[in-house]
Amino acid sequence: MNEMEINEMIIKCPVCSVEGVAKSIMKEIEIPHFGKVLETTIQCPECGFKHSDVIALEQNDPAKYTIEINKNNLSIRVVRSQSATVMIPEVGIKVEPGPKSEGYVTNIEGILTRFEDAVKKALKLFDDDASQTNGKKTLSEIQELKKGNGTATLIILDPFGQSNIVSDSVEISEIPEEELCNLKTGFSHIEE
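Cut-offs used in this document
Residues numbered from 1 in each chain as written. Predicted model: local features only at pLDDT ≥ 70, side-chain atom pairs only at ≥ 80, totals over all residues. Heavy atoms only, no water. Phe/Tyr/Trp six-rings, centres within 6.5 Å; stacked < 30°, edge-to-face > 60°. Lys NZ or Arg CZ within 6 Å of the ring centre and 35° of its normal. Pairing = 2+ DSSP bridges. Helix = DSSP H or I, 4+ residues; strand = E, 2+ residues; numbered from the N terminus. Axes fitted to C-alpha atoms, helices over the stretch in contact; angles between N-to-C directions. Contact = heavy atoms within 4.5 Å.

Undergrad: Can you break down the packing of aromatic side chains residue by residue, with the values?
TA: Inspection of every chain in the model, using the stated rule, returns zero aromatic pairs. The residue whose ring lies beneath Arg114 is Tyr104, and the NZ or CZ to ring-centre distance is 3.5 Å.

Given below as C-alpha cells:
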C-alpha cells in the first residue's frame with residue numbers, strides 16, 4: 001500500500017458532543033489490485049467512540065465477483081466497498097448496503113466471521129421458534145465453512161465495481177441490467 005496524503009483534524013465528537021477531543025484522520029491510499037481509496041477514522045478518547053471507513057475514489061464498471069469458499073482459500077483478501085452486496089446463497093445469507101454501510105478489507109474467513117456475528121445478534125433479538133431454528137442452522141453452516149468443512153459460493157455484487165476478491169480463482173463478470181436496476185447502493189435518492 002502506498003500512502004499519499006494525510007489530513008488530521010481535532011473535531012467535536014459526533015457521539016458525546018464534547019468539543020475539541022475527537023481526532024479525525026483521512027488518508028488517501030493506493031491499494032494493489034484495487035486502486036485509490038480514502039481511509040477515514042474518527043476516534044474520541046472521551047467516550048471511546050471509533051468509526052472507520054474505506055471509500056473508493058475510483059469508479060469502475062458494475063461487477064459481480066464470485067469464488068468458491070473452501071478450506072484452502074479462507075485467507076484470500078477481500079475488499080468490499082460501501083456500496084456492495086455480499087452473499088452466500090447456499091447458506092441463505094445476504095448483506096445489502098444501507099446509508100451507514102462501510103467499506104472494509106478482510107479475507108474470506110473475515111467475511112464468514114461478520115456473518116456469524118450478525119446471526120448471533122439475530123438469535124438474541126428474535127426468540128420465536130422458527131427464527132431460532134433457522135438461525136441455529138445458518139450459524140452451524142457458517143461455522144462449518146470456517147472450519148474448512150464443505151464448500152459454498154461467495155458473491156459480491158458491486159454497482160460501482162469498487163470491490164475485489166484478490167485471487168486467480170475469482171470469476172469477475174458483468175451484472176445483467178435487470179439485476180443492476182434492483183441492486184441497492186446504500187445511497188439515498190431524492191426524486192422530484
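Moving on from the model shown.
Undergrad: Which residues make up the sheet that holds strand S5 (residues 63-69), and what values go with them?
TA: What the five strands build is an open sheet, ordered S8-S7-S10-S5-S12; its pairing is antiparallel. Each having just a single partner strand, strand S8 (93-95) and strand S12 (171-173) make up the two edges of the open sheet. The mean inter-strand angle of the sheet, taken between neighbouring strand axes irrespective of direction, is 15 degrees. The sheet contact formed by S5 and strand S10 (residues 152-158) spans seven bridges and is antiparallel. What sits directly across from Glu68, in S10, is Thr153. On the sheet, helix H1 (residues 108-125) packs against S5, strand S7 (85-88), S8 and S10 and is oriented at approximately 90 degrees with respect to S7.

Undergrad: Kindly report on the sheet that holds strand S11 (residues 164-165), identifying the contributing residues and their values.
TA: Strands in a sheet are paired, the pairing made by backbone hydrogen bonds, and the direction either parallel or antiparallel. Taken together, three strands build an open sheet; the order of strands is S9-S6-S11 and the sheet is antiparallel. What marks the edges here is a single partner per strand, and that holds for strand S9 (104-107) and S11. Examined bridge by bridge, strand S6 (residues 77-80) and S9 share four bridges and lie antiparallel to one another. The residue of S9 that forms the bridge with Val79 is Val105. H1 contacts S6 and S9 of the sheet and is inclined by roughly 105 degrees relative to S9.

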